[in-house]
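What follows is the residue order along each chain.
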Amino acid sequence: MTNAGTGGTIVQYSHPDGQPFYVPVGGELQTYTIRPVSSASSSPSVVVHGGGHHVPEEATRKREIRLLKNREAARECRRKKKEYIKCLENRVAVLENQNKALIDELKSLKELYCQQKTE
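Fair warning: this is a prediction, and the values are worked out from it, not measured in the lab. (Residues numbered from 1 in each chain as written. Predicted model: local features only at pLDDT ≥ 70, side-chain atom pairs only at ≥ 80, totals over all residues. Heavy atoms only, no water.)

Peer 1: For this particular structure, what's the right way to read the overall build of the protein chain?
Peer 2: The secondary structure content of the protein chain amounts to one helix and four strands. Along the chain direction, N to C, the helices and strands of the protein chain fall in the order β-β-β-β-α. Expressed as a percentage of its 119 residues, the buried residues of the protein chain come to 7%. When contacts within the protein chain are restricted to residue pairs at least 6 apart in sequence, long-range pairs at least 24 apart make up 17% of them. A total accessible area of about 10,300 Å² is found for the protein chain, and carbon and sulfur atoms account for 56% of it. (Helix = DSSP H or I, 4+ residues; strand = E, 2+ residues; numbered from the N terminus. Buried < 20%, exposed > 50% of the residue type's maximum accessible area, 1.4 Å probe, protein only. Contact = heavy atoms within 4.5 Å. Areas by Shrake-Rupley, 256 points an atom, 1.4 Å probe, with all protein chains shown as cover.)

Structure (structure tokens):
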């Protein structure tokens, strides 16, 4: 049996006293009421309570909020990464200058040592 209002599925089970009962399947957030069998009908009628149509709207709203937060977090992450890379590039430049200065100092000290050695 399918619930035409929301597209959910209802499964029929047999009760030990012989009366069938129906259970909704599929994680729907609705309440169902089973009414006794009337003389004209051979099976109980199922009535759906609650706003099943509100659940997809709520899920969509939550999804949109989650996606927006994720976008903002990704933007912040990219900004921090750029800042970190700039910091590393600056550090590399400073270290290269330091290295060049140390190499120049080493050359001058070697020249001074060689001059003193030859004298």
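Peer 1: How should the confidence of the model for the protein chain be read in this particular structure?
Peer 2: Should the pLDDT be low somewhere, the predicted coordinates at that spot are not to be read in detail. Summing up the model confidence of the protein chain, the mean pLDDT is 77 and the portion of residues at 70 or higher is 55%. Highest mean pLDDT in the protein chain belongs to helix H1 (residues 54-118) (95); lowest belongs to strand S4 (residues 46-49) (49). (pLDDT = per-residue confidence, 0-100.)

Peer 1: Please clarify how the pattern of salt bridges should be interpreted in this entry.
Peer 2: All told, the structure shown has three salt bridges when counted by the stated rule. The salt bridge involving Arg79 is made with Glu83; its shortest N-O contact spans 3.1 Å. Of this pair, Arg79 and Glu83 are both found in helix H1, four residues apart, which corresponds to roughly one turn of the helix. Looking at Arg79, the relative accessible area reads 40%, which means it is partly exposed. Through salt bridges with shared partners, a single ionic network connects Glu76, Arg79 and Glu83. (Salt bridge = Lys/Arg side-chain N within 4 Å of Asp/Glu carboxyl O.)

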